Amino acid sequence: MRNVKKIAVALVLFVAATGFVNAQSKVAHINVQQLLSDMPEMKSAQAELKKLQETYRADIESSMTEFRNKATQYQNESSAKSREENEKRALELQGYEQNIQAAEQAAIQEMQKKQQELFAPISDKAKAAIEKVAAAEGFDYVIDASPGLSLIVAKGKDLLPSVKQELGF
């Protein structure tokens, strides 16, 4: 009878220990920031954004040059003009300066909108590839190992090479 109890207890402990080992989750890590920067689509999106930024910068610099020239002209002619004319010109310059500032703000907003438009599909593609590789290799959790995200120990599998292979680069 005692042997049966010992065997039963040992069997219960064995089943519990086996269940505990099987219940442990598999964890992997990947540097998502590096993955995104290595993706060819990201490089072309960044080039497109840079081109757009340069276009906006050129337009704003052109407006600033025109503003400075007009301000210099008005300054040089101020002694020959009436007080009312100089006040009118000062208001005109203020309006011009406000228009430039509004154009700068609009350019910033347009750049942010374009960045989101370009980067969202790339990010979604990377996420789908990470999920596919993680599922294929049996990982329950994948931690982002990008610098600054406080991953302290990275002894688990690094999925970056597998995800790059899945994406074809």
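Described in the following lines is the structure provided in the data block. (Residues numbered from 1 in each chain as written. Predicted model: local features only at pLDDT ≥ 70, side-chain atom pairs only at ≥ 80, totals over all residues. Heavy atoms only, no water.)

Moving on, we get to the side chain of Asn31. Within the secondary structure, Asn31 is located in the loop between strand 1 (27-30) and helix 2 (32-38). Take Asn31: its relative accessible area is 16%, and that puts it in the buried class. Of note is the side chain of Asn31, whose polar atom sits 3.0 Å from the backbone nitrogen of Gln34. Side-chain polar atoms of Asn31 contact the side chain of Ser146, separated by 3.2 Å. With sequence-adjacent residues up to four places away left out, Asn31 is seen in contact with Asp144, Ala145, Ser146, Pro147 and Leu160. (Helix = DSSP H or I, 4+ residues; strand = E, 2+ residues; numbered from the N terminus. Buried < 20%, exposed > 50% of the residue type's maximum accessible area, 1.4 Å probe, protein only. Polar contact = N/O pair within 3.5 Å; in protein donor to acceptor, adjacent residues only side chain to side chain. Contact = heavy atoms within 4.5 Å.)

What follows deals with the packing of aromatic side chains. For the coordinates displayed, the defined rule picks out one aromatic pair. Centroid distance Phe67 to Tyr96: 6.2 Å. Interplanar angle 10°. Geometry classified as stacked. Here Phe67, found in helix 3 (residues 40-77), pairs with Tyr96, found in helix 4 (residues 83-137); they are 29 residues apart in sequence, far enough to count as distant. Sitting above the plane of the Phe139 ring, Lys26 keeps its charged end 4.9 Å from the centroid. The ring of Tyr96 is capped by Lys70, whose NZ or CZ atom sits 5.7 Å from the centre of that ring. (Phe/Tyr/Trp six-rings, centres within 6.5 Å; stacked < 30°, edge-to-face > 60°. Lys NZ or Arg CZ within 6 Å of the ring centre and 35° of its normal.)

This part covers the packing of helix 3 against helix 4. Where helix 3 contacts helix 4, the two axes come as close as 10 Å, and the packing angle between them is 180°. Relative to helix 4, the element helix 3 lies roughly antiparallel. Tallied by class, the residues present in the contact of helix 3 with helix 4 amount to 19 nonpolar, four polar and 12 charged. (Axes fitted to C-alpha atoms, helices over the stretch in contact; angles between N-to-C directions. Parallel < 35°, antiparallel > 145°, perpendicular 65-115°, else oblique. Nonpolar A, V, L, I, M, F, W, Y, C, P; charged D, E, K, R; others polar.)

Which parts of space are left empty comes out when a probe the size of a water molecule is rolled across the atoms. When its volume is computed, the largest pocket comes out at roughly 150 Å³. Surrounding the largest pocket, Gln53, Tyr56, Arg57, Ile60, Glu104, Ala107, Ile108 and Met111 form its lining. Those elements giving two or more residues to the lining of the largest pocket turn out to be helix 3 and helix 4. Here the residues of the lining of the largest pocket are counted per class, giving five nonpolar, one polar and two charged. (1 Å grid on protein atoms, 1.4 Å probe; cavity = no way out; pocket = protein on both sides within 12 Å on 5 of 7 lines; lining within 4 Å. Points joined across faces, edges and corners; volume = space filled by probe spheres on them.)

Listed in full, the buried residues belonging to helix 5 (residues 160-167) are Leu160, Ser162, Val163, Lys164 and Leu167. Each element contacted by the buried residues of helix 5 is listed here: strand 1, helix 2, helix 4 and strand 3 (157-158). In the stretch just after helix 5, Gly168 is the one whose phi turns positive, near 90°.

Time to look at the pattern of salt bridges. Two side chains that carry opposite charge are able to pair once their charged atoms sit near each other. Across all of its chains, the model carries 11 salt bridges by this definition. In this structure, the salt-bridge partner of Arg89 is Glu77, at a minimum N-O distance of 2.8 Å. Highlighted residues: Arg89 in helix 4 and Glu77 in helix 3, separated in sequence by 12 residues. Taking the relative accessible area as the measure of exposure, Arg89 reaches 10% and is therefore buried. (Salt bridge = Lys/Arg side-chain N within 4 Å of Asp/Glu carboxyl O.)

With that out of the way, let us pick up helix 4. For the α-helix, the turn length of 3.6 residues means that residues three or four positions removed from each other point alike. Taking 1.5 Å per residue as the helical rise, helix 4 with its 55 residues ought to reach 81 Å, and the 80 Å between its terminal C-alpha atoms agrees with that figure. Once helix 4 finishes, Gly138 follows within two positions and takes phi at roughly 80°, a positive value. (Expected span 1.5 Å × (residues − 1).)

Attention now moves to the side chain of Ser146. Tracing the chain through its elements places Ser146 in the loop between strand 2 (141-144) and strand 3. The class for Ser146 is buried, based on a relative accessible area of 8%. At a separation of 3.0 Å, a polar atom in the side chain of Ser146 contacts the main-chain amide nitrogen of Gln33. Sequence-distant contacts of Ser146, defined by excluding residues within four places in its chain, comprise Ile30, Asn31, Val32 and Gln33.

Treat this as a map of the structure, not an account of what it does.
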